[in-house]
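Commentary on secondary and tertiary structure
Next come the chains, spelled out residue by residue.
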Amino acid sequence: MGNLQYKVIVGLEIHVHLRTKSKMFCGCALEYGATANSRVCPVCLGMPGSLPVMNKQAFEYAVLAALALNCKIAEFTKWDRKGYYYPDLPKNYQISQYDLPLGTGGFIEIPLQSGQTKKIRIIRVHLEEDAGKNLHPAGNFSQIDLNRAGTPLLEIVTEPDMNSAAEVRALAVELQRIVRFLGVSVADMQKGHMRFEPNINLIITRDGTEYKTPIAEIKNLNSFRALERSVDYEIQRQLDEFLQTGKVMEMGNKTTHGWDDENQTTVLQREKEEAHDYRYFPEPDLVPVVMNERWLNEIKSKLCELPLQKQMRYVSEYKLSDYDAGVLTAERSTAEFFERAVKKGGDPKRVCNLLTQVGLKLANEAGCTLAELIPAAENVAELAEMIDTGKVSASAGNTIMRKMAESGEKPQIIAEQLNLLQKSDAGELEVIVDKVLEGNPKAVEDVKSGGKKSKKARGFLLGQVMQKTSGRANPKIISEILAEKLG
Amino acid sequence: MQKKISRAQVRNVAKLSRLELTESEVKEFSGQLSAILGYMEKMNKLDTDNVEPLAHCLPISNCFREDAVRESLGTEKTLANAPQRDGDFFKVPKIIDSL
Ligand SMILES: [Zn+2]
C-alpha cells in the first residue's frame with residue numbers, strides 16, 4: 001500500500017436499561033422472561049385516553065449516571081415525541097428527549113492497554129422508553145411481545161473520540177462497570193440490558209492528500225465481542241472499499257449496517273428514504289422536569305469513587321496487581337467490603353487473597369454479596385492478621401474463611417474449635433523437634449555433612465515435625481529451631 | 001388564498017403516518033391544513049421577542065410517581081383487541097427493521 005496511512009474514527013451510541021421495578025411511564029413490572037404480553041397496560045399499549053406518568057426513580061438513575069459521566073445536568077428538561085411506525089411501539093411514537101437532554105458535555109475515562117487512560121467526550125445523555133420485542137418465526141409474519149415496551153432506557157452518545165476497536169470495547173466495558181457500580185442498571189448483556197451502535201469511518205492519507213470514507217453505522221450490537229469484531233470488520237471493509245472505488249464521505253452517503261454473527265460480517269441495510277424523518281415535537285401528555293439544587297445534591301450524594309479510579313488506587317496505594325484490583329472493583333459491594341476490612345486493620349494483600357480465593361467464590365455459589373455472606377468485615381481483617389502473625393497457616397485461613405461464611409463465628413473461635421492454631425510456642429516445639437532428631441539420625445547426619453543432601457534432609461525433618469503436630473506447627477519457628485540445633 | 005400545504009406535502013405526511021389517502025382526500029386535506037396554517041400566520045404578527053418558548057401549556061412541572069409495580073392487564077386482555085394473534089403474541093406483517 002506504499003504511502004497510505006489511515007486513522008480510525010469511531011463514535012458510539014449506547015442504550016442502557018435502567019434497573020427500576022416498573023416501566024418509565026406506567027406501573028407495569030419489568031420482568032425478564034415473563035409470559036409474552038403479560039406485563040402490559042393501556043399506557044404501554046398506547047390506548048386512546050391513557051396518560052403516561054414519569055417514574056421518579058428512573059429519572060434519578062438517569063441523572064446519577066449522567067453525573068458519573070461528568071455531564072452538566074439540565075435545570076430544565078422536557079419530553080418529545082419521536083415519530084415511529086413499527087408495531088413494537090404501538091403509540092406510533094417513542095417518548096424521548098430531543099433538544100433538551102438531561103445531561104450534556106461530559107466524558108468517560110477508559111483504560112488503555114498501555115496502562116494509561118483516555119478521556120472520551122460524551123455529547124449527551126437522555127432518557128427514553130424502549131420498544132417491545134419482535135420475533136421472526138418461520139413464515140411471512142412477525143410476533144410482537146410488548147413486555148419490554150416502555151422500559152426506561154438511557155441513551156448515551158459519545159463524540160467520535162475512539163481510534164480502534166479495542167478502545168470501543170474498553171468504553172463499553174467501562175460503562176457497564178460504572179452503571180453496575182452506581183446500581184442504576186443490572187447491565188446484563190445476555191438479557192439485552194445494553195445495546196451499542198458504533199459510527200465508524202476512516203481518515204486515509206495517500207500521497208499527502210486526506211480522504212474521509214463514508215460513515216457506517218452498525219445497529220443493535222448486544223455483546224462486547226460483536227461490538228469489537230464488527231468495528232474491526234468495518235475498518236477493513238472501508239479500507240478495501242476505498243482502495244477499490246475511492247468513494248469518500250458526502251452528504252447523505254452514511255450507511256446503516258447489521259452484524260451477521262454467524263458469518264462475522266456487517267451487512268448493509270436498506271433504509272427507507274424517510275426513515276430519519278422523525279418529526280419530533282413536544283410531548284403534550286408530560287410536563288417538564290425542573291431540577292433544583294437541593295434535589296441535584298440529593299442525587300449527587302449517591303455518587304461514589306468510580307471503579308476505574310478505585311482500581312488504579314488499589315494498585316498504587318495497596319500494591320495489588322491490576323488483575324486483583326479489577327476483580328475487587330467489579331462490584332461496588334465487593335469493593336466496599338474490601339475497604340471496610342482494610343480499614344479494620346487487615347493487610348490489603350492478605351484481605352484481597354482471602355476475598356478473591358475464597359470469599360467471592362462462596363458468594364457466587366450462594367448468589368449473594370460478600371457482605372451478605374460475611375456480615376462482619378472486621379472478622380476478615382482479624383483473620384488476615386492471624387495469618388500474617390503466623391497464628392494460622394494460609395491454607396488454614398481459607399478453611400476458617402469458609403467456616404466464617406457458614407457460621408458467622410469469629411475466626412479465633414473457629415481456629416480453636418477446628419484445632420487450626422499453629423504451635424508457635426518454641427518450648428513446646430523444641431520437645432517435638434528433639435524427638436524427631438532422635439528418631440532420624442541419618443537425616444541429621446546428612447544435614448550436618450552439608451553438600452547436596454543437606455537441603456533435602458532439612459526439608460524432610462521439617463516435614464516430620466509438621467506431621468507430628470498434624471500440620472499445626474509454625475514452619476518458620478521450626479526452621480529456626482532446626483537451624484539452632486543443626487547449624 | 002395561497003395553498004400553504006401542497007398536495008405533495010400531504011402525500012408525504014400521509015406516507016410517514018402510514019395513511020392511504022384518495023386523490024380527493026389529498027385535495028381536501030391540502031385545503032384544510034393550509035387553512036389551519038393560515039390561521040397560525042396571524043400569530044406571527046404578534047411581538048414575541050420577550051416571550052420564553054413554552055414547553056407545555058400548563059405551568060406545572062415534576063409530576064412523578066414512585067417506582068411501584070401496578071397490576072398489568074395480562075396476556076389475554078392485552079390481546080383481546082388484536083386483529084391477529086399467534087399464541088401469546090401479536091401477529092403482524094413481517095417487520096424488516098425497527099428501533
Ligand atoms: Zn404498562
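Residues numbered from 1 in each chain as written. Chains lettered and ligands numbered in written order. Predicted model: local features only at pLDDT ≥ 70, side-chain atom pairs only at ≥ 80, totals over all residues.

As for the overall build of chain A
Scanning chain A from terminus to terminus reveals 17 helices and 18 strands. For chain A, the spread of C-alpha atoms along the principal axes amounts to about 95 × 65 × 50 Å. Considering chain A as a whole, with its 487 residues, one finds that 41% of them fall into the buried category. Long-range pairs, those at least 24 residues apart, make up 69% of the contacts in chain A with a sequence separation of at least 6. (Helix = DSSP H or I, 4+ residues; strand = E, 2+ residues; numbered from the N terminus. Buried ≥ 20, exposed ≤ 12 C-beta atoms within 10 Å, placed from the backbone. Contact = placed C-beta atoms within 7 Å.)

Comments concerning the overall build of chain B
Regarding its fold elements, chain B presents 3 helices and 3 strands. From first element to last, N terminus to C terminus, chain B shows the α and β order α-α-β-α-β-β. Taking 13 Å as the expected radius of gyration for a compact globule of 99 residues, we find that chain B reaches 22 Å, considerably beyond that expectation. The buried share of chain B, taken over its 99 residues, is 8%. (Rg over C-alpha atoms; globule rule 2.2 N^0.38 Å.)

What about the nonpolar core?
Residue and element names in this part refer to chain A. In terms of nonpolar packing, the biggest core is built from 79 residues, with Ala62, Ala65, Ala66 and Leu171 touching the most fellow members. When near neighbours in sequence (up to four residues on either side) are disregarded, Ala66 contacts Cys71, Ile73, Leu102, Gly103, Gly106 and Val125. With 33 residues, the next largest nonpolar core counts Cys352, Leu370, Ala384 and Ala415 among its residues. (Core = buried A, V, L, I, M, F, W, Y, C linked by C-beta atoms within 7 Å.)

Describing the environment of Arg270(A)
All names here are of chain A. Inspection of the secondary structure assignment puts Arg270 in the loop between β16 (265-269) and β17 (281-282). Taking the number of C-beta atoms within 10 Å as the measure of exposure, Arg270 has 9 and is therefore exposed. With 14 residues separating them along the chain, Arg270 and Thr256 place their C-alpha atoms 7.5 Å apart.

A word on the pairing of strand β1 (residues 4-17) of chain A
Residue and element names in this part refer to chain A. The pairing of β1 with strand β12 (residues 194-206) spans 13 bridges and is classified as antiparallel. The residue bridging Leu12 from the neighbouring strand is Pro198, located in β12. One ladder, built from 5 bridges, connects β1 with strand β11 (residues 152-158); its direction is antiparallel. The residue bridging His17 from the neighbouring strand is Leu153, located in β11. (Pairing = 2+ DSSP bridges.)

Digging into the interface of chain A and chain B
On the chain B side, the residues contacting the 44 residues of chain A number 35 residues. Taken together, the elements giving at least two residues each to the side of chain A that touches chain B come down to β2 (54-55), α2 (56-68), β9 (133-135), β10 (141-145) and β18 (289-290) of chain A. The biggest single contributor to the side of chain A that touches chain B is β10(A), with 5 residues. Classifying every residue of the side of chain A that touches chain B by side-chain character gives 21 nonpolar, 14 polar and 9 charged. Of the pairings in the sheet, the one linking β10(A) to strand β3 (residues 89-93) of chain B comprises 4 bridges and is antiparallel in character. Across the sheet, Gln143(A) pairs through a bridge with Lys91(B), a residue of β3(B). (Nonpolar A, V, L, I, M, F, W, Y, C, P; charged D, E, K, R; others polar.)

What about the confidence of the model for chain B?
Low pLDDT marks stretches whose predicted atomic positions should not be read closely. Per-residue confidence for chain B gives a mean pLDDT of 88, with 93% of residues at or over 70. This complex was scored by the predictor with a pTM of 0.84 and an ipTM of 0.84. (pLDDT = per-residue confidence, 0-100.)

Notes on the sheet that holds strand β5 (residues 80-83) of chain A
Residues and elements named next belong to chain A. An order of β6-β5-β17 is seen for the 3 strands of this open sheet, with the pairing classed as antiparallel. The sheet is open, and its two edges are formed by β6 (93-96) and β17, each paired on a single side. Strand direction decides the pairing type here: β5 and β17, joined by 2 bridges, are antiparallel. Paired with Asp80 across the two strands is Pro282, which belongs to β17.

A few points about the packing of helix α15 (residues 441-449) of chain A against helix α16 (residues 451-468) of chain A
Residues and elements named next belong to chain A. Running from N to C, α15 and α16 point in directions that differ by 135°, and their axes come no closer than 7 Å. Taken together, the axis directions place α15 and α16 in an arrangement best described as oblique. Between α15 and α16 lies a crossing whose hand is left-handed. Here Ala443, Asp446, Val447 and Ser449 of α15 come into contact with α16, specifically with Gly451, Lys453, Ser454, Ala457, Arg458, Phe460 and Leu461. When the residues that make up the contact of α15 with α16 are grouped by side-chain class, the tally is 5 nonpolar, 3 polar and 3 charged. (Axes fitted to C-alpha atoms, helices over the stretch in contact; angles between N-to-C directions. Parallel < 35°, antiparallel > 145°, perpendicular 65-115°, else oblique. Left-handed = near helix turned anticlockwise from the far one by under 90°.)

Description of the packing of helix α9 (residues 348-366) of chain A against helix α11 (residues 377-388) of chain A
Packed helices, taken two at a time, are described by the angle their axes make and the gap between the axes. Residue and element names in this part refer to chain A. It is at 9 Å that the axes of α9 and α11 come closest, and there the two elements cross at 115°. In terms of orientation, α9 lies roughly perpendicular with respect to α11. α11 is crossed by α9, and the crossing has right-handed handedness. Across the interface between the two elements, Arg350, Val351 and Leu354 of α9 pack against Val380, Ala381, Leu383, Ala384, Ile387 and Asp388 of α11. Per-class residue counts for the contact of α9 with α11 are 7 nonpolar, no polar and 2 charged.

Brief notes about α2(A)
Residues and elements named next belong to chain A. Spanning 13 residues, α2 covers 18 Å between terminal C-alpha atoms, matching the ideal 18 Å at 1.5 Å per step. For α2, the tally of buried residues reaches 11 of 13 residues, placing the bulk of the element in the interior. Gln57, Ala58, Phe59, Tyr61, Ala62, Val63, Leu64, Ala65, Ala66, Leu67 and Ala68 are the residues of α2 that are buried. (Expected span 1.5 Å × (residues − 1).)

A short note on the domain arrangement of chain A
Its domain assignment divides chain A into domain 1 (4-294), domain 2 (307-417) and domain 3 (426-486). Of note, the centres of domain 2 of chain A and domain 3 of chain A, computed from C-alpha atoms alone, are 34 Å apart. (Domains from an automatic or database assignment.)

Some details on the environment of Arg402(A)
Residue and element names in this part refer to chain A. For Arg402, the position within the fold is in helix α12 (residues 394-407). Along the primary structure Arg402 and Leu373 are separated by 29 residues, whereas in three dimensions their C-alpha atoms are 10.0 Å apart. Excluding residues that lie within four positions of it along the chain, Arg402 makes contacts with Val358 and Leu362.

Re the sheet that holds β3(B)
What holds strands together in a sheet is hydrogen bonding between their backbones, with the strands either parallel or antiparallel. Pairing within the open sheet is antiparallel, and its 4 strands lie in the order β9(A)-β10(A)-β3(B)-β2(B). The two strands at the open ends of the sheet, each matched to only one other strand, are β9 of chain A together with β2 (85-86) of chain B.

Remarks on the pairing of strand β15 (residues 255-260) of chain A
Two faces make up the sheet, and in a regular strand the side chains alternate between them. All names here are of chain A. In the sheet, strand β14 (residues 216-218) pairs with β15 via 3 bridges, with the strands oriented parallel. Looking at the pairing, Ala216 lines up with Thr255 of β15. Viewed along the sheet, the connection from β14 through helix α4 (residues 224-245) into β15 turns out left-handed. The pairing of β15 with β16 spans 5 bridges and is classified as antiparallel. Note that in β16 the partner of Trp259 across the bridge is Thr266. Once β15 ends, the chain turns through 4 residues before running back antiparallel as β16, passing Gln264 with a positive phi of about 55°. (Right-handed = clockwise from strand over helix to strand, strands pointing away.)

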